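# Coordinates in review
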Amino acid sequence: MAQSLTQIAQSLKNPNKKVQLIYAFNGTGKTRLSREFKDLIAPKNTEVEAEETKIKILYYNAFTEDLFFWDNDLDNDTDRKLKIQPNNYTSWILQDQGQEPNITAHFQRYTSDKLTPRFNEDFSEVRFSFERGDDSGTDFVKISKGEESCFIWSVFYSILEQTISELNLVEEGDRETDQFNDLQYVFIDDPVSSLDDNHLIELAVNLAELVKKSTNLKFIVSTHSPLFYNVLYNELNLKSKKEVCFMLDKKEDGTFELIEKFGDSNKSFSYHLFLKQTIEEAIATNSIQKYHFTLLRNLYEKTANFLGYPQWSNLLPNDKQTYYNRIIQFTSHSTLSNEEVPEPTEPEKQTVKFLLEHLVDNNYWKEEQNGTL
């Protein structure tokens, strides 16, 4: 049944479930759903006294990453540092709990044991350097966007780890802080966008361990990664639980549907089959957008990989370079930030239809009952 994101957030709040796992494509509305849920649990109200606004939800999403921003030292181009916008979470975990060593350990686990974050005294900024193991000077570097995401996740993970440890103490008087005594929910949206498969699996396993350790929190995790979904599904033994796994689907009219699923991503919504279904629906309703070219390319890539072709373009029909260029036009990032690829023309929409039919009608694609290619 089609609903607004606010209605879906309410449906996630109602069940007495320890974990709810959501899969959705990028751009479907996962981050907006996490915000709707946060506002439902802890609405902003500047008139409420501080004592009445204790923390009820921890959440990780794109807005969490906005607490961290770069000072690139444009004048000298040498002292590059990541600035940290302080809040209750970062101040508590860095200053009060002294979690800097744990944050560093988590960060290096997902990146490199040589890449080291160095906080300043008040933990308002952090610099990064590669340790050489000798007395040579230290050069501070600007880390990649993927490494930056790993660092921010490492800060959040350390907050969550320490919070669960505190809340597992039954007697409130034994806890080092009371600011999390009212905490009920943890909403985590896609912490895996820049990880390779090995580290993605490791992160999912580590997160599952924390979830299992918690005795009184409810977790909602959303992701666009079928692999991350599967690891959590198996590590948390969700096969034996009902009404906890979903797919978030965005309708053409801007409404949403939270579809209950049974089984891991391979069994309940085989990713490649869902890609095919999504493109077919867009063709049938003449609603092809730019992102459908990305889905089509993804489908070609997965099919080529499954069949052992070195390049997905090998599966294209005659005049491969022409079709390759058309797909690349819509799936590559613009060179300049103000460049926009135009909406698909009618002939370009027909290209999507033609290339999908080519993939399905040839021997490249064999859809069997078990959902394999």
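Scroll up to find the structure this text is about.
Figured I'd write up the structure that's included with this text. (Residues numbered from 1 in each chain as written. Predicted model: local features only at pLDDT ≥ 70, side-chain atom pairs only at ≥ 80, totals over all residues. Heavy atoms only, no water.)

### Things to note about the nonpolar core
In plain terms, the rule: As used here, the term nonpolar core means buried Ala, Val, Leu, Ile, Met, Phe, Trp, Tyr and Cys residues forming a set that is joined through side-chain atoms within 4.5 Å. Burial status follows relative accessibility: with a 1.4 Å probe on protein chains alone, a residue under 20% of its type maximum counts as buried, one over 50% as exposed, and anything between as partly exposed. To qualify as a helix, a DSSP run of H or I must reach at least 4 residues; to qualify as a strand, a run of E must reach at least 2; elements of each kind are numbered from the N terminus. By definition in these notes, contact holds between two residues if any of their heavy atoms fall within 4.5 Å.
Among the nonpolar cores identified, the biggest contains 81 residues, and Phe151 and Leu160 are the most heavily contacted of them. The element contributing the most residues to this core is helix 6 (residues 145-167), with 11 residues. With residues near it in sequence (within four places) discarded, Phe151 still touches Phe68, Leu82, Ile103, Phe107, Pro117, Phe119, Val126 and Phe128. Residues Ile41, Tyr59, Tyr185 and Phe256 belong to the second largest nonpolar core, which totals 18 residues.

### Focus: the sheet that holds strand 11 (residues 256-260)
Applied cut-off: When DSSP finds two or more bridges between a pair of strands, those strands are recorded as paired. Helix axes use the C-alpha atoms of the stretch in contact, all axes being lines fitted to C-alpha atoms, and the angles between their N-to-C directions lie in the range 0 to 180 degrees.
The strand order 2-8-9-1-10-11 describes an open sheet built from 6 strands, whose pairing is mixed. Here the strands that pair on one side only, and so sit at the sheet edges, are strand 2 (57-60) and strand 11. The average angle at which neighbouring strand axes cross in this sheet is 20°, direction not considered. In this sheet, strand 11 lies alongside strand 10 (residues 245-250) in antiparallel orientation, the contact comprising 5 bridges. Paired with Leu248 across the strands is Leu258, a residue of strand 11. The strands that helix 1 (residues 5-13) touches are strand 1 (19-23), strand 8 (185-189), strand 9 (218-223), strand 10 and strand 11; relative to strand 11, the one it contacts most, it runs at about 30°. Running over the sheet, helix 6 touches strand 2, strand 8 and strand 9 and is turned about 160° from strand 2.

### Some details on the packing of aromatic side chains
To be explicit about the condition: Only Phe, Tyr and Trp rings take part, Trp by its six-membered ring, and two of them pair if their centres are within 6.5 Å. Stacked means planes under 30 degrees apart, edge-to-face means over 60, and tilted covers everything else. To sit over a ring, a charge needs its Lys NZ or Arg CZ within 6 Å of the ring centre and within 35 degrees of the ring normal.
Within the structure shown, the criterion is met by 18 aromatic pairs. Ring geometry for Trp70 against Phe128: centres 6.2 Å apart, planes inclined by 45°, an arrangement best described as tilted. One end of the pair, Trp70, is in strand 3 (residues 68-71); the other, Phe128, is in strand 6 (residues 125-130), and 58 residues separate them in sequence. The same class applies to Trp70 and to Phe128, which are both buried. A connected cluster of aromatic rings, assembled from ring pairs, spans Phe68, Trp70, Phe107, Phe119, Phe123, Phe128 and Phe151. Sitting over the face of the ring of Phe63, Arg35 holds its NZ or CZ atom 4.4 Å from the ring centroid. Cation over ring: Arg109 sits above Tyr110, and NZ or CZ is 5.8 Å from the ring centre.

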